[in-house]
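Residue-level listing of the chains:
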Amino acid sequence: MNKRIKKLRKQSLDAVTRISAERALLVTEFHKSTETQSASIPVTRALNLEYILRNKHICINEDELIVGERGPAPKATPTYPEINLHSIEDLEILDGRKKVFFKVDEKTRKVYEDMIIPFWKGKTNRDRIMNSVSKSWLDAYQAGLFTEFQEQRAPGHTVLGDKIYKKGMNDLIVEIEQSLRNLDAGSPALAPPGRGMKMGTGWNEKKEELEAMKIAARALILYAGRHADKLEDLAQKENEPVRKKEMETMAGICRRVPANAPLTFHEALQYYWFVHLGVITELNPWDSFNPGRLDQHLYPYYRKEIDEGSLTKEKATELLQSFWIKFNNHPAPPKIGVTALESNTYTDFSLINVGGVNTDGSDASNELSYLILDVIEEMRILQPSSMLQLSKQNPDELIHRALKIIKTGFGQPSIFNTEAIVEELVRQGKSLEDARNGGASGCVESGAFGTEAYFLTGYFNLTKVLEITLNNGRDPLTGKEIGIKSGDPNVFKSFEDVIEAFRKQLGHFLEIKMEGNSIIEEIWAKNLPAPFLSLLIDDCIQEGVDYNAGGARYNTSYIQGVGLGSITDSLSALKYHVFDEKNYSMQQVLNAVHADFVGYEEMQHKLVYQTPRYGNDEDYADAQAVTVFEMFFDLVDGNPTPRGGTFRINMLPTTSHIYFGSKIGAMPDGRKAFQALSEGISPVQGSDKKGPTSVLKSAAKIDHLKTGGTLLNQKFTPSFFRDEKSILRVGDLVRTYFKMMGHHIQFNVVGVETLRDAQKYPEKYRDLIVRVAGYSDYFNDLGEDLQNEIIRRTEHEAS
Amino acid sequence: MKAVIFDLNRFAIHEGPGIRVTVFFKGCPLGCWWCHNPESRSQKPQIVMREQKLNGRTFRVQELVGREISANHLMQEILKEKAFMDESGGGVTFSGGEPLLQTEFLIEMMKHCREQGIHTALDTTGYASKDIMRKVMSWPDLFLYDLKHLDDDIHKKYTGVSNKLILDNLKLIHDSGKDVVIRFPVIPGINDDKAHVEALKFFFKKELPQIRRLDLLPYHNIARHKYEAFSIPDKMRSVDEQKKEDLEKLKAAFKEGGLDVSIGG
């Protein structure tokens, strides 16, 4: 890392995350002006973006090479009052949080009090949503059956393909004009509701949308031009000749891109960054935005310039590192209401993909893939996230390089299976080429990059459905009857009766969820289209339809199942102890559960330690996981959405397994009330007793190819990656999981602090396996001396 | 056919090539002072008390160490790991205890493995009659052969048995051209002195010219809690673990002799 990057990195790490009222003020000013009132909604939205980009402060940080900040300074985070409105109380909570705070100064608070809140109160998109959903939706939502992603943030969840490397904004404007000429004035001006015609496909709607896209494209050129102006100005005042020259070059770049397709490595990075800012200024989309297959897109520039001698490896590294810092300067915009209280994350889930295959299916890794891995290792910053797309076509060298970074314990990169991603996407109906150009984004979601709008609609609490089933439709935490009458569990004759009742409840709640999604999807499409984002994703321009309304080539809405391990173990416990072994009656188990096991400790101990559990490659338990998974899939997959898309499933929790756990009482697997659920498709913490190969075998029993992503987390100490040989074997472990068509795996390398914490609170770390000496053991099972020994050793390895 | 085993270790990566399943047979004719697996000595399943914690309460439960398992059942467990073996060039390692004590079962297992194309390694003390060794030796693809001390008196003192059979059997399998890795447990103050190291180097050169690989297995006092649980006196209380640099010196010394040496297998 050279001096410049060190300085920029420090600047980024030291910058205090704060709320900036700049955007909120500009949006309010804009909406107060009279000229907007006659324009269509898409045009208004585009003009809104233009107004911000024309008037916001231009920030150029000292010595930086890639320019552009969403707010007036690094980590000055804007708000989106047209989507959700922060109250004064929300701002105070954000300001006062110990972790993941957003500082709010007096001026910002005053602006909110005097201008923002009075103007937007009751008029936000969140208000629209909450006023439109049904009572049963609200009941289920409040009971913690599911979350709703689009309640506070715009859909997005998408990734850029290679479009901007071929086309400048001017080229896109030409395409828009062509699309305008192609409009069929003979078709209806508005798409009639409920007639099977897609939203936004009337000719007048298309016309307005295309005009809006044109305004948005020009707005970005204007915005880049303002950076060029400022750079020229600064260059003139600069005395230091090297920096002066640098700023002149950068000004030239900002004049060329995004107006035109980029010609150099530097231009390509700067172009992407302007586009990124456009997307996250227009709305506050989920997962911000993402350049996707960066090593593929940049390689032609890299190769050409290295060969010509106009770029060196060092310079390319420096530019990439500058680019990395830009992501880190942009925390995820904060939410409002109760969620502002929870410890959140600054991560905005932009996930850089490295590796994978070319459009023709061949190995896509290149010199730049390794250079990017070097950058990831050296930068060690929160954002952007990074992942390795591992194909069977990629050389082993690639995964071994990645494992050496993982070993250092900062959680990146995660590893994905290219073959699984491609098959998942093809199953959903994508062309093989579009699938191969895809990858994973956000946490683990598969997508066809540049051609797909894939919305995550919310986490779904599978375990809560079982709790309601075991209470015949009643939520035992509130006493409310929110489910259907699926039968008194005490009269169930067989385990199949339990499963059948569960199926009925699951269908009931999924229907509520999907119905709600459809309402919410229409609200977004109608009120907050995204003409700027629509420029970037095919085939919005060709179709003349907005990204939020179904203009993308592929449209998917995901529901993410949570708590697979927890529900599996609870079902397995009922099957084993109640129906097969008859150790307890259903009534006895339910009494114990209702008492949160107080007075039933012996039974709880048995349920925890003597139940066949998911994660040990034993079919008795794993079969329950498969049953639940298949049921979830059957009830969701293939249902249509209003924008002409399809509902699909994912299996990932991010951090919702903790929230969902807090909404569930004790369960038959021995879990106490309100404790966290299992995470992703990982076993319940401490349930896997046979090591990593068995966990992978169990996890591979569900059919990953029917999902758009699954998440598997493995906790290892650094000694698992001790030497070359260990790295090779962990590589083999991953390759084998991927042969079984596992979708994703990440290694959480635990450090000394975790081990110390585990000594204090063993119950929190029942799954922690450590390498002892040629063998591994559960940390909790080791004597205190040995635990101390392991801690000392881990300390030593880390130093 | 059945055998008594006390553990199956999956994702074993230091007992032969690739990702392996290590099968630990129960029962051992030796009583090495430094043994990491004292639960392997007796061939009978044993009951020990174990503490399980749950929400701050401690439950004391009986646990059976060692179980009878049929060859078919064991094979099923091994086959569950086949995908990992295939990917990594791994296989099964039979260890213990001393697997040669349960000869027929061991041969049966190695036969099954060969039918399935699974690589086998035999981790042995070598303490068995020549007849048994002759019967077994054609089956494993690889021997992991423990060598503790060349001096018979010292060997007797610290392991309880003479090294004569061990050395003879080693010569036998070596001369028959089998693939052998020597495993030398490095025990501070007992077998790591200069004279013994020189003697070993000489022995390898003269008697075992085909040997290419030596694994140095450093002594760890990790098994102390097990000695307590099994009420076996721990005679190693006063012995400390090696320093890393001493091990590296030892590694260099053996390397001079032309061997491929690794620490920890």
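Look above for the structure.
Residues numbered from 1 in each chain as written. Chains lettered and ligands numbered in written order. Predicted model: local features only at pLDDT ≥ 70, side-chain atom pairs only at ≥ 80, totals over all residues. Heavy atoms only, no water.

Caption draft 1: Up close: the packing of helix 2 (residues 22-32) of chain A against helix 3 (residues 41-55) of chain A. Residue and element names in this part refer to chain A. At a minimum axis separation of 9 Å, helix 2 and helix 3 run at an interaxial angle of 130°. Judged by the inter-axis angle, helix 2 sits oblique to helix 3. As for the relative orientation of helix 2 and helix 3, their crossing is right-handed in sense. The residues of helix 3 that touch helix 2, namely those facing R23, L26, V27, E29, F30 and H31, are T44, R45, L47, N48, Y51, I52 and N55. Broken down by class, the residue content of the contact of helix 2 with helix 3 amounts to six nonpolar, four polar and three charged. (Axes fitted to C-alpha atoms, helices over the stretch in contact; angles between N-to-C directions. Helix = DSSP H or I, 4+ residues; strand = E, 2+ residues; numbered from the N terminus. Parallel < 35°, antiparallel > 145°, perpendicular 65-115°, else oblique. Left-handed = near helix turned anticlockwise from the far one by under 90°. Contact = heavy atoms within 4.5 Å. Nonpolar A, V, L, I, M, F, W, Y, C, P; charged D, E, K, R; others polar.)

Caption draft 2: The pairing of strand 9 (residues 180-186) of chain B, seen in detail. Residue and element names in this part refer to chain B. Most of strand 9 sits out of view: seven of its seven residues are buried. In strand 9, alternate side chains face the same way, and those of V180, I182, F184 and V186 on one face and V181, R183 and P185 on the other are all buried. The pairing of strand 8 (residues 142-146) with strand 9 spans four bridges and is classified as parallel. From the neighbouring strand, F143 faces strand 9, where its bridge partner is V180. Looking at chain direction, strand 9 and strand 10 (residues 213-218) are connected through six bridges and run parallel. (Buried < 20%, exposed > 50% of the residue type's maximum accessible area, 1.4 Å probe, protein only. Pairing = 2+ DSSP bridges.)

Caption draft 3: Here's a closer look at helix 1 (residues 3-14) of chain A. Residue and element names in this part refer to chain A. In a regular helix each residue adds 1.5 Å, so 12 residues correspond to 16 Å; helix 1 covers 16 Å between its end C-alpha atoms and thus fits that length. Residues R4, I5, L8 and S12 constitute the buried set of helix 1. For helix 1, the angular spread of buried residues about the axis comes to 90°, placing them on one side. Exposed residues pointing more than 90 degrees away from the buried face of helix 1 are listed as K3, K6 and K10. (Expected span 1.5 Å × (residues − 1). Arc of directions from axis to C-beta.)

Caption draft 4: Geometry of the nonpolar core. Residues F265(A), L320(A), W324(A), I415(A), L535(A) and L536(A) are the most contacted members of the largest nonpolar core, which totals 204 residues. With 13 residues, helix 21 (residues 495-527) of chain A is the single largest residue contributor to this core. Apart from the residues lying within four places of it in its own chain, the contact partners of L535(A) are K163(A), M169(A), L172(A), I176(A), M213(A), A216(A), A217(A) and I541(A). In this structure, L74(B), M85(B), M109(B) and I173(B) belong to the second largest nonpolar core, which totals 53 residues. (Core = buried A, V, L, I, M, F, W, Y, C linked by side-chain atoms within 4.5 Å.)

Caption draft 5: Here's a closer look at unusual backbone geometry. For the bond running from D538(A) to D539(A), omega is 5°, close enough to zero to count as cis. Residue position: D539(A) is located in the loop between helix 22 (531-536) and helix 23 (540-543). In this chain, G96(B) is followed by G97(B) through a cis amide linkage whose omega measures 10°. In this fold, G97(B) is placed in the loop between strand 6 (91-95) and helix 3 (103-115). The phi dihedral of D596(A) is positive, around 55°, even though this residue is not glycine. Mapping D596(A) onto the fold places it in the loop between helix 25 (586-594) and helix 26 (601-609). For D596(A), a relative accessible area of 21% gives the class partly exposed.

Caption draft 6: Summary view of the packing of aromatic side chains. Residue and element names in this part refer to chain A. The final tally for this structure, using the stated rule, is 37 aromatic pairs over all chains. Ring geometry for F119 against W120: centres 5.0 Å apart, planes inclined by 80°, an arrangement best described as edge-to-face. Classification of W120 by relative accessible area gives buried; the value is 6%. Through pairs of rings, three or more aromatic residues link up here, namely Y272, W273, F289, F323, W324 and F327. Taking NZ or CZ as reference, K103 lies 5.0 Å from the ring centre of F101, over its face. The ring of F455 has R643 sitting right over it, with the charged end atom 3.5 Å from the ring centre. (Phe/Tyr/Trp six-rings, centres within 6.5 Å; stacked < 30°, edge-to-face > 60°. Lys NZ or Arg CZ within 6 Å of the ring centre and 35° of its normal.)

Caption draft 7: How the structure looks around the side chain of E445(A). All names here are of chain A. Mapped onto the secondary structure, E445 falls in strand 7 (residues 445-447). Buried and unpaired, E445 has no salt bridge, with R153 as the nearest side chain of opposite charge at 11 Å. Of the polar contacts made by the side chain of E445, one reaches the backbone nitrogen of C443; its length is 2.8 Å. Setting aside its immediate chain neighbours within four residues, E445 contacts D287, G439, A440, Y454, L456, N650, L652 and G708. (Lys, Arg positive; Asp, Glu negative; His and termini not counted. Salt bridge = Lys/Arg side-chain N within 4 Å of Asp/Glu carboxyl O. Polar contact = N/O pair within 3.5 Å; in protein donor to acceptor, adjacent residues only side chain to side chain.)

Caption draft 8: Up close: the pattern of salt bridges. Residues and elements named next belong to chain A. By the definition in use, this model includes 79 salt bridges over all chains. Where K237 meets D233, a salt bridge forms, and the shortest distance between an N and an O atom there is 3.1 Å. Of this pair, K237 and D233 both sit in helix 10 (residues 203-237), four residues apart, which is roughly one turn of the helix. Looking at K237, the relative accessible area reads 57%, which means it is exposed. Taking relative accessible area as the criterion, D233 reaches 35% and is therefore assigned partly exposed.

Caption draft 9: The arrangement of the environment of C28(B) in detail. Residues and elements named next belong to chain B. Tracing the chain through its elements places C28 in the loop between strand 2 (20-25) and strand 3 (46-54). The spacing of C28 and I263 is 235 residues in sequence and 25 Å in space, taken between C-alpha atoms. Setting aside chain neighbours within four positions, we find C28 in contact with S40, R41, G97, E98, L101 and T125.

Caption draft 10: Just helix 5 (residues 106-120) of chain A, in detail. Residues and elements named next belong to chain A. With 15 residues, helix 5 extends 20 Å between its outermost C-alpha atoms, agreeing within 8% with the 21 Å of an ideal straight helix rising 1.5 Å per residue. Where helix 5 bends most, the angle comes to about 45°, and this point is Y112. Looking at the buried positions of helix 5, the neighbouring elements they touch are strand 1 (18-19), helix 2, helix 4 (88-96) and helix 6 (125-132). Just beyond helix 5, the residue with positive phi is G122, at close to 80°. (Bend = angle between axes of the 7 residues up to and from the residue.)

Caption draft 11: Layout of the side chain of T77(A). Residue and element names in this part refer to chain A. Here T77 lies in strand 2 (residues 76-77). From its side chain, T77 meets the backbone oxygen of K75 in a polar contact 3.2 Å long. With near-sequence residues (within four places) excluded, T77 lies in contact with T17, R18, I19, S20, R70, F102, P331, A332, P333 and P334.

Caption draft 12: Seen up close, the interface of chain B and chain A. In this complex, chain B contributes 29 residues to the contact, which on the side of chain A involves 39 residues. Surface buried jointly by chain B and chain A totals about 3,200 Å² across both partners, of which 57% is contributed by carbon and sulfur atoms. Of all residues in chain B, the largest losses of buried area upon contact with chain A belong to F11(B), F84(B) and E87(B), amounting jointly to 21% of the total for that side. Viewed at the interface, chain A and chain B are joined by two salt bridges. Linking E87(B) and K739(A) is a salt bridge whose minimum nitrogen-to-oxygen distance equals 2.8 Å. Viewed at the interface, chain A and chain B are joined by six residue pairs in polar contact (both at pLDDT 80 or more). Elements that contribute at least two residues to the side of chain B that touches chain A include exactly strand 1 (2-12), strand 3, strand 4 (57-65) and helix 2 (82-88) of chain B. (Buried area = accessible area lost by both parts, 1.4 Å probe.)

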